Amino acid sequence: MIGTYLRLIWSYLKIGLFGFGGGYAMLSLIQSEIVGGGWISEQTFTDIVAISQMTPGPIGINSATYIGYAVTGSVWGSIATTLAVVLPPFILVILAYKYISNHTDSVVIRGAFHGLRPVVVGLIASAALLLMNGENFGFTLSHQAISAAICLAAFCLVYFTRLHPIFVIILAGITGALVF
């Protein structure tokens, strides 16, 4: 059992260290480490992502907490994975702040941030594509078409009309309940 904890902690230390761009950008890395590592199934991962999105807090930390519990069946697994995913960025932010605050006018620092921005957008887009699977959109063509229509409508409502996302989520839930 200790080996399970140590391997899970190691996976989340790597996720925390290399998961730039926030929780959504981390999803592909989490999926690769956790589902690809055989810890949980794709269906369980999709369910955990959905739950992590609905609960308050960052999705990367919420998913670490849920996955730690799902894999170990223990609150200690949740605590271990949560601390493991938070510790590397915490240390990196402290070190980066000390360096960046002393070099705010540096061309290299500004260039690095300009280079990181498109990568973060790409990682978030990768997470969106990762979540476009059968578990989220259905396995039949009619379910996929309806799900794609709901997805497109939600995007248009938020992007073009600036409706509050919570209102759009409620509308999508009602639509799903009526249609499915």
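Residues numbered from 1 in each chain as written. Predicted model: local features only at pLDDT ≥ 70, side-chain atom pairs only at ≥ 80, totals over all residues. Heavy atoms only, no water.

**Student:** I'd like a description of the side chain of Thr 72, backed by residues and values.
**Tutor:** Mapping Thr 72 onto the fold places it in helix α4 (residues 59-72). A polar contact is formed between the side chain of Thr 72 and the backbone nitrogen of Ser 74, at a distance of 3.2 Å. Residues within four places of Thr 72 in sequence aside, it is in contact with Met 1, Tyr 5, Leu 8 and Gly 77. (Helix = DSSP H or I, 4+ residues; strand = E, 2+ residues; numbered from the N terminus. Polar contact = N/O pair within 3.5 Å; in protein donor to acceptor, adjacent residues only side chain to side chain. Contact = heavy atoms within 4.5 Å.)

**Student:** Explain the packing of aromatic side chains to me, using residue names and the numbers behind them.
**Tutor:** Scanning the model with the defined rule gives three aromatic pairs in all. Ring centres 6.4 Å apart and planes at 85° place the aromatic pair Phe 155 and Phe 160 in the edge-to-face group. Here Phe 160 falls in the exposed class, since its relative accessible area comes to 56%. Note on Tyr 159 and Phe 160: the rings are 5.0 Å apart at their centroids and 90° apart in plane angle, and the pair reads as edge-to-face. For Tyr 159, a relative accessible area of 46% translates into the label partly exposed. The ring of Tyr 159 is capped by Arg 162, whose NZ or CZ atom sits 5.7 Å from the centre of that ring. (Phe/Tyr/Trp six-rings, centres within 6.5 Å; stacked < 30°, edge-to-face > 60°. Buried < 20%, exposed > 50% of the residue type's maximum accessible area, 1.4 Å probe, protein only. Lys NZ or Arg CZ within 6 Å of the ring centre and 35° of its normal.)

**Student:** Quick rundown of the packing of helix α2 (residues 23-35) against helix α6 (residues 107-130)? Include the residues and the values.
**Tutor:** At their nearest, the axes of α2 and α6 sit 6 Å apart, and the two run at 60° to each other. Between α2 and α6, the interaxial angle falls into the category oblique. Taken as a pair, α2 and α6 cross one another with a handedness that is left-handed. Counted together, Tyr 24, Ala 25, Leu 27, Ser 28 and Gln 31 of α2 and Leu 123, Ile 124, Ser 126, Ala 127 and Leu 130 of α6 form the full contact between these two elements. Here the residues of the contact of α2 with α6 are counted per class, giving seven nonpolar, three polar and no charged. (Axes fitted to C-alpha atoms, helices over the stretch in contact; angles between N-to-C directions. Parallel < 35°, antiparallel > 145°, perpendicular 65-115°, else oblique. Left-handed = near helix turned anticlockwise from the far one by under 90°. Nonpolar A, V, L, I, M, F, W, Y, C, P; charged D, E, K, R; others polar.)

**Student:** Just give me the short version of helix α8 (residues 141-161), but keep the residues and values in it.
**Tutor:** An ideal rise of 1.5 Å per residue puts 30 Å on 21 residues; α8 measures up with 29 Å between its terminal C-alpha atoms. Once α8 ends, the next one or two residues include Arg 162, with phi positive near 65°. (Expected span 1.5 Å × (residues − 1).)

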